[in-house]
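What the coordinates show
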Amino acid sequence: VGEEVARRTGARVAVVVTVPVLARRYAPVALRSLRAAGLRAHRVVVPDGDASKSLARVRQLYEVLLDLGVDRSGVLVALGGGMVGDLTGFAAATFLRGIPFVQIPTTLLAMVDASVGGKVGVNLPRGKNLVGAFHQPRLVWIDLATLGTLPLRQRAAGLAEVVKKAAAFDARLFERLEAEAGDVLALAQGPLLAAVERACAIKAEVVRRDEREGEAGVRRLLNFGHTLAHAVETLTGYRRVLHGEAVAMGMVHAARRSEDLAVAPAGTAARLEALLRRIGLPTELPRFPRRAYLAALRVDKKRRDARIDYIVPRGIGSATSVPLTPAEILPARWRRRPAEGCLGSEPMGARGR
Ligand SMILES: NC(=O)c1ccc[n+]([C@@H]2O[C@H](COP(=O)([O-])OP(=O)(O)OC[C@H]3O[C@@H](n4cnc5c(N)ncnc54)[C@H](O)[C@@H]3O)[C@@H](O)[C@H]2O)c1
Ligand SMILES: [Zn+2]
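Residues numbered from 1 in each chain as written. Chains lettered and ligands numbered in written order. Predicted model: local features only at pLDDT ≥ 70, side-chain atom pairs only at ≥ 80, totals over all residues. Heavy atoms only, no water.

1. Looking at the sheet that holds strand E7 (residues 139–140)
One open sheet accounts for five strands, arranged E2-E1-E3-E4-E7; its pairing is parallel. One side of each edge strand has no neighbouring strand; the edge strands of this open sheet are strand E2 (40–45) and E7. Bridge analysis of strand E1 (residues 13–18) against E2 gives six bridges, and the strand direction is parallel. By the bridge assignment for E2, Val16 is matched with Arg43. (Pairing = 2+ DSSP bridges. Helix = DSSP H or I, 4+ residues; strand = E, 2+ residues; numbered from the N terminus.)

2. A short note on the coordination of the zinc ion (ligand 2)
Surrounding the zinc ion (ligand 2) are the protein donor atoms Glu161 (OE), His226 (NE2) and His243 (NE2), at 2.0 to 2.1 Å. Linear spacing of the donor residues for the zinc ion (ligand 2) on their chain is E-x64-H-x16-H. With a gap of 82 residues between them, Glu161 in helix H7 (residues 152–169) and His243 in helix H11 (residues 243–260) connect regions that are remote in the sequence. By relative accessible area, which is 0% here, Glu161 ends up buried. Residue His243 is classed as partly exposed on the basis of its relative accessible area, which comes to 25%. (Donors = N, O, S within 2.8 Å, 3.2 Å for Na, K, Ca; no water. Buried < 20%, exposed > 50% of the residue type's maximum accessible area, 1.4 Å probe, protein only.)

3. A few points about unusual backbone geometry
Unusually for a residue other than glycine, Arg97 sits at a positive phi of about 60 degrees. Its place among the elements puts Arg97 in the loop between helix H5 (82–94) and strand E4 (101–105). Classification of Arg97 by relative accessible area gives exposed; the value is 76%. Unusually for a residue other than glycine, Asn129 sits at a positive phi of about 55 degrees. Position of Asn129 among the secondary structure elements: in strand E6 (residues 127–134).

4. Considering the pattern of salt bridges
Taken as a whole, this structure holds 19 salt bridges when the rule is applied. Notably, a salt bridge pairs Arg176 with Glu180, separated by 3.3 Å at the nearest N-O pair. One end of the pair is Arg176 and the other is Glu180, both in helix H8 (residues 171–185) and four residues apart, which spans about a single turn. The exposure class assigned to Glu180 is partly exposed, which follows from its relative accessible area of 22%. One salt bridge connects Arg257 with Asp260, and the closest N-O pair in it is separated by 3.3 Å. (Salt bridge = Lys/Arg side-chain N within 4 Å of Asp/Glu carboxyl O.)

5. Brief notes about the site of ligand 1
In the vicinity of ligand 1 lie 24 residues, with Asp48, Asp50, Thr106, Thr107 and Thr149 positioned nearest. Between Asp48 and ligand 1, the recorded distance is 2.6 Å, taken from a side-chain N or O atom to an oxygen atom. Between ligand 1 and Thr107 there is a distance of 2.6 Å, counted from an oxygen atom to a side-chain nitrogen or oxygen. Protein coverage of the free-state accessible area of ligand 1, which is 860 Å², stands at 85%. When residues of the shell around ligand 1 are traced back to their parent elements, those giving at least two are helix H2 (20–25), H5, helix H6 (108–114) and E6. Along the lines of polarity and charge, the residues of the shell around ligand 1 split into eight nonpolar, eight polar and eight charged. (Near = heavy atom within 4 Å. Polar contact = N/O pair within 3.5 Å; in protein donor to acceptor, adjacent residues only side chain to side chain. Areas by Shrake-Rupley, 256 points an atom, 1.4 Å probe, with all protein chains shown as cover. Nonpolar A, V, L, I, M, F, W, Y, C, P; charged D, E, K, R; others polar.)

6. Overview of the side chain of Lys165
Tracing the sequence through the fold places Lys165 in helix H7. A relative accessible area of 0% places Lys165 in the buried class. A polar atom in the side chain of Lys165 sits 3.2 Å from the side chain of Asp113. With residues up to four places along the chain from it excluded, the contact list for Lys165 reads Val112, Asp113, Asp170, Ala199, Ile202, Lys203 and Leu222. (Contact = heavy atoms within 4.5 Å.)

7. Here's the deal with the nonpolar core
Counting residues in hydrophobic clusters, the biggest one holds 71 residues, and the most contacted among them are Leu159, Val163, Leu177, Leu228, Leu272, Ile279 and Tyr293. Leaving out residues up to four positions away in the same chain, Leu272 has contacts with Val163, Ala167, Phe174, Phe224, Met251, Val252 and Ala255. Counting residues in each nonpolar core, the second largest holds 42 residues, with Tyr26, Leu76, Leu79 and Ile104 among its members. (Core = buried A, V, L, I, M, F, W, Y, C linked by side-chain atoms within 4.5 Å.)

See below:
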């Protein structure tokens, strides 16, 4: 990675930002490689968890960069999952009005989603990702071998974002996943590489066409499953349910609504659900009262009944957006389907907050 960083950035000093577990496992080899390529290389370790995606942490990074004398000839290297990528990218976007950065994603989610596209940012106490920028990495360096230490649950959650791209843009990738999802999860080289490559290519193509998520743009379609996912994450306090798991639930709900609205043919939701369940992902929304979901859906909408661009499949491999109010996204009888798909025996959310 060192030579490639040097070639793409011309940097003389690199600061690798990472979390403790990765600092031990992967930072030493990255630092060696950077040094071998002639860069001065430093390491900054931030605590694990999304709480580190904060302005306080960004400020600390600025201080470290100043201490190290980093100027525009420096490069920040994000070594980690989406949390590290978003935090490091935001620091790079804003320090000295922007210095280069490089992504070395180590989670499947970051490889196929967060590291590509240039969205960087941090959370505020009142909500996730409320402060951010567009800042493209000079390089995204994916080493699939790092997934060997990633827990299965995290791998499955990352795969949800691959399923999302397949369901929204690429029926052939969806078919491929139906045949090979187990192999991808087991990190079989061929299927894993094919899935990661295709997912990155889809995201890159979407971003190329619509970098800043224009009103009528295609990038919005990447929000498939995310409207309700964000509500689930809010209601569960960003614990218990991983982002990809929430996206799986949101996608299935959207596919069912799409069938109800006659936008997608019957069977679309069942096919999506079958694949997600085979991956081991939950597909039923946690049991919070409908009014709690509606409140969460309304959270960033000024008007109570403002319509949300709700992304729904038109079938496997194609998606569209339908303007719906929160009450239309979650109609009164939305639970009428038997909840046999619920996670295990204990309904999620039963313990409340
Ligand atoms: N910028 C974007 O476009 C975008 C898109 C999606 C998500 N995100 C953001 O990404 C974050 C979620 O990313 P994530 O799912 O990668 O979570 P994460 O970065 O929190 O990583 C998940 C966990 O896996 C550990 N880990 C990472 N790599 C590992 C490895 N190789 N082996 C063992 N453990 C490893 C981490 O330490 C952490 O505990 C959220 O903050 C989300 O908002 C951003
Ligand atoms: Zn997502």
